[in-house]
Amino acid sequence: MIYPIVKFGDPVLEKPAETITSFDDELKKLVEDMFQSMYAAKGVGLAAPQIGISKRIAVVDITFKEEPDAKLVLVNPEIIRKEGRQRGTEGCLSLPEFREEVTRAQRVTVRAQDANGNFFEHTGEDLLARAFLHETDHLNGKLYISHISALKRDLIKRKIRKLAKAGEW
Ligand SMILES: [Zn+2]
């Protein structure tokens, strides 16, 4: 099932999501639906709050279907190591059309559970490191625009208010 993507302004995006405790068929279905929804929206990462579900789960595929091994399910993820710095453009499916330069760590290790509840660690660099940080932020109710200047953030919010008024958001 493909879920519509929740856009900025919906409170679900700005509250911490709930820890997942049962690794049942329902969770596996949610994982499948999240991959489908992410691909349908042409994204390389998606967190459950972005489909209106306040649970600590995210899916990532920075190759966008190119490599099956690149499909990652992060349940209850935590960033346990960050090294270096990278600067690059970042966007978010919940803030369509906007992109901003965001400084992030260059190499990041995430500790998470898979859909069966097994713990694992995964280290990613560059885009994958950025995806780990971006998606984990989502689960903490944080959007990438919290990492840009207040001036730029206010400009984006003002544009969104305008779009919302015109019924285009
Ligand atoms: Zn996002």
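Keep in mind that this is a model prediction, so the values were computed, not measured.

(A) Geometry of the overall build of the protein chain. A tally of regular secondary structure across the protein chain gives three helices and seven strands. Computed over its C-alpha atoms, the radius of gyration of the protein chain comes to 15 Å, within 12% of the 15 Å expected for a compact globule of 169 residues. Considered along the principal axes of its C-alpha atoms, the protein chain spans approximately 45 × 35 × 30 Å. Within the span of the protein chain, comprising 169 residues, buried residues form 45% of the whole. Surface exposure of the protein chain reaches about 9100 Å², of which carbon and sulfur atoms provide 49%. Each charge class in the protein chain was averaged separately, 27 positive and 26 negative side chains, and the resulting centres sit 8 Å apart.

(B) Seen up close, helix H3 (residues 150-165). With 16 residues, H3 should cover 22 Å at 1.5 Å per step; its first-to-last C-alpha distance of 22 Å lies within 8% of that length. At the C-terminal side of H3, Gly167 shows a positive phi close to 75 degrees.

(C) How the structure looks around the packing of aromatic side chains. Evaluated as defined, the whole model comprises three aromatic pairs. Ring centres of Tyr39 and Phe64 lie 5.2 Å apart, and the angle between their planes is 85 degrees; this geometry places the pair in the edge-to-face category. Taken together, the positions of Tyr39 in helix H1 (residues 25-40) and Phe64 in the loop between strand S2 (57-60) and strand S3 (72-83) put the pair 25 residues apart, joining distant regions of the chain. Taking the relative accessible area as the measure of exposure, Tyr39 reaches 13% and is therefore buried. The rings of Phe35, Tyr39 and Phe64 are connected pair by pair, giving a single aromatic cluster. The ring of Tyr39 carries the charged tip of Lys65 above its face, separated from the ring centre by 5.1 Å. For Lys71, the ring lying beneath its charged end belongs to Phe35, and the centroid distance is 4.5 Å.

(D) Geometry of the pattern of salt bridges. Evaluation of the coordinates by the stated rule reveals seven salt bridges. A salt bridge links Arg107 to Glu83, with the nearest nitrogen and oxygen atoms 3.4 Å apart. Of this pair, Arg107 sits in strand S6 (residues 107-113) while Glu83 sits in strand S3; the two residues are 24 residues apart in sequence, bridging distant segments of the chain. With its nearest N and O atoms 3.2 Å apart, the salt bridge here joins Asp137 to Arg104. Of this pair, Asp137 sits in helix H2 (residues 127-139) while Arg104 sits in strand S5 (residues 99-104), placing them 33 residues apart in sequence. Like Arg104, Asp137 is buried. Several salt bridges converge on common partners, so that one network encompasses Glu90, Arg104, Arg130 and Asp137.

What counts and how
- Residues numbered from 1 in each chain as written.
- Predicted model: local features only at pLDDT ≥ 70, side-chain atom pairs only at ≥ 80, totals over all residues.
- Heavy atoms only, no water.
- Helix = DSSP H or I, 4+ residues; strand = E, 2+ residues; numbered from the N terminus.
- Rg over C-alpha atoms; globule rule 2.2 N^0.38 Å.
- Buried < 20%, exposed > 50% of the residue type's maximum accessible area, 1.4 Å probe, protein only.
- Areas by Shrake-Rupley, 256 points an atom, 1.4 Å probe, with all protein chains shown as cover.
- Lys, Arg positive; Asp, Glu negative; His and termini not counted.
- Charge placed at Lys NZ, Arg CZ, Asp CG, Glu CD.
- Expected span 1.5 Å × (residues − 1).
- Phe/Tyr/Trp six-rings, centres within 6.5 Å; stacked < 30°, edge-to-face > 60°.
- Lys NZ or Arg CZ within 6 Å of the ring centre and 35° of its normal.
- Salt bridge = Lys/Arg side-chain N within 4 Å of Asp/Glu carboxyl O.

Any link to function would need more than the numbers given here.
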